[in-house]
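# Structure at a glance
What follows is the residue order along each chain.
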Amino acid sequence: GAGVSQSPSNKVTEKGKDVELRCDPISGHTALYWYRQSLGQGLEFLIYFQGNSAPDKSGLPSDRFSAERTGGSVSTLTIQRTQQEDSAVYLCASSLAGTKSKETQYFGPGTRLLVL
Amino acid sequence: KQEVTQIPAALSVPEGENLVLNCSFTDSAIYNLQWFRQDPGKGLTSLLLIQSSQREQTSGRLNASLDKSSGRSTLYIAASQPGDSATYLCAVGLPDSNYQLIWGAGTKLIIKP
């Protein structure tokens, strides 16, 4: 079946502009995660959605970052007034239930964001 | 605060060699540890998951070990092939979270034909 897809694959924007990154999780997966991977760094947790529960936004680095998940499926990560330090690869992952079993997360190919 | 370190950041070896990638973590109270492979433009793929009660897991030519007391895990790759070239990441699952993983920065592995 289809895996996690993300769009766009690459995005170049000017400082101060807003960007939207999209993630389509695996069908039937109720848990969805967003991560940021900066050059030479490990993945940084941003936000977690699980079913209809309130998302865990504890990883969002500033109020310029927001995310939503419509209909329990597609998710959009929005970065407002982008800064050069926002340049990174943004990865989305989904898992079946996000329960205490800590099942495997399936990752999309990422969106490479460059802020000039 | 849990921190995960992977050394070296990059490694280049000739095809056919056996090799070991290292991952260390600062807090031995972990739920599990996972090894992932990251290929350019293709995202991450889970390779092996070791529960905190386990000492090792094997899949094909890959063997991952876990020593919680010393805060270390190794990923052993036997008979390396050029197709093994990728970045290998380890991630630690926290005991008090259902989903949060703490990630190392990865080791970029190049297998020379």
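Per chain, residue numbering runs from 1 following the sequence as it is written. Each chain is given a letter, starting from A, and each ligand a number, starting from 1, according to the order in which they appear as written. Given that this is a predicted model, residues contribute local features only at a pLDDT of at least 70 and side-chain atom pairs are listed and counted only at 80 or more, while totals for whole chains, interfaces and linings are drawn from all residues. In computing side-chain values, all of the structure's heavy atoms are included and hydrogens and water are not.

### A look at the sheet that holds strand β8 (residues 72–77) of chain B
Should DSSP find at least two bridges between two strands, the strands are taken to pair. Helix and strand assignments follow DSSP, with helices taken as H or I runs no shorter than four residues and strands as E runs no shorter than two, numbered in order from the N terminus. The sheet built from five strands is open, its strands ordered β1-β3-β8-β7-β6 (chain B) with antiparallel pairing. Here the strands that pair on one side only, and so sit at the sheet edges, are β1 (4–5) and β6 (56–59) of chain B.

### Side note on the interface of chain A and chain B
We call two residues in contact when some of their heavy atoms are within 4.5 Å. Counting residues at the interface gives 22 residues for chain A and 21 residues for chain B. Here the quantity called buried area is the accessible surface, traced with a 1.4 Å probe, that two parts lose on coming together, added over both. Regarding the contact of chain A and chain B, the summed buried area is about 1,700 Å², with carbon and sulfur atoms giving 53% of it. In the sections that follow, a salt bridge refers to a side-chain nitrogen of Lys or Arg positioned within 4 Å of a carboxyl oxygen of Asp or Glu. The tally of links from chain A across to chain B stands at zero salt bridges. Between N or O atoms, a polar contact is any pair within 3.5 Å; within protein, one atom must be a potential hydrogen donor and the other a potential acceptor, and residues adjacent in sequence are included only when both atoms are from side chains. In this structure, the connection of chain A to chain B is made through one residue pair in polar contact (both at pLDDT 80 or more). Mapped by element, the contributors of at least two residues to the side of chain A that touches chain B are β4 (31–37) and β5 (43–50) of chain A.

### Structural notes on the layout of surface pockets
Approximately 780 Å³ is the volume found for the largest pocket. Definitions used for this entry: grid spacing 1 Å over protein atoms alone; cavity, a set of points where a 1.4 Å probe fits but cannot get out; pocket, an open set with protein on both sides within 12 Å along at least 5 of 7 lines; lining residue, one with an atom within 4 Å of a point. Lining the largest pocket are 32 residues, with Q37(A), L39(A), V89(A), R112(A) and Q38(B) positioned closest to its centre. Those elements giving two or more residues to the lining of the largest pocket turn out to be β8 (88–95) and β10 (111–115) of chain A together with β9 (86–93) and β11 (107–112) of chain B. Of the residues forming the lining of the largest pocket, the biggest block, four residues, is contributed by β11(B). Three classes are used, and their members are as follows: Ala, Val, Leu, Ile, Met, Phe, Trp, Tyr, Cys and Pro are nonpolar, Asp, Glu, Lys and Arg are charged, and the others, Gly among them, are polar. A class-by-class count of the residues in the lining of the largest pocket yields twelve nonpolar, 16 polar and four charged. Grid points are joined across faces, edges and corners, and a volume is the space filled by probe spheres set on the points.

### Digging into the side chain of R64(A)
All names here are of chain A. Within the secondary structure, R64 sits in the loop between β5 and β6 (65–69). A distance of 3.2 Å separates a polar atom in the side chain of R64 from the backbone oxygen of R81. Apart from residues no more than four positions distant in its own chain, R64 is found in contact with T78, I79, Q80, R81, T82, Q83 and D86.

### Observations concerning the confidence of the model for chain A
Each residue carries a pLDDT score, the predictor's own confidence in it, on a scale running from 0 to 100. On average, chain A scores 91 in pLDDT, and the residues at 70 or more come to 95%. Within chain A, no element has a lower average pLDDT than strand β9 (residues 106–107) of chain A, which sits at 91, and none a higher one than strand β7 (residues 75–79) of chain A, at 98.

### Section: the sheet that holds strand β3 (residues 19–24) of chain A
By way of backbone hydrogen bonds, the strands of a sheet pair with one another, either parallel or antiparallel. All names here are of chain A. Taken together, the four strands give an open sheet; going across it, the order is β1-β3-β7-β6, and neighbouring strands pair in antiparallel fashion. Each edge of the open sheet carries a strand with a single partner, namely β1 (5–7) and β6. Going across the sheet, the axis of each strand differs from the next one's by a mean of 15°, ignoring polarity. Note: β1 against β3, three bridges, orientation antiparallel. Looking at the pairing, Q6 lines up with C23 of β3. Fitted lines through C-alpha atoms serve as axes, helices being fitted only where they are in contact, and the angles separating the N-to-C directions of these axes extend from 0 to 180 degrees.

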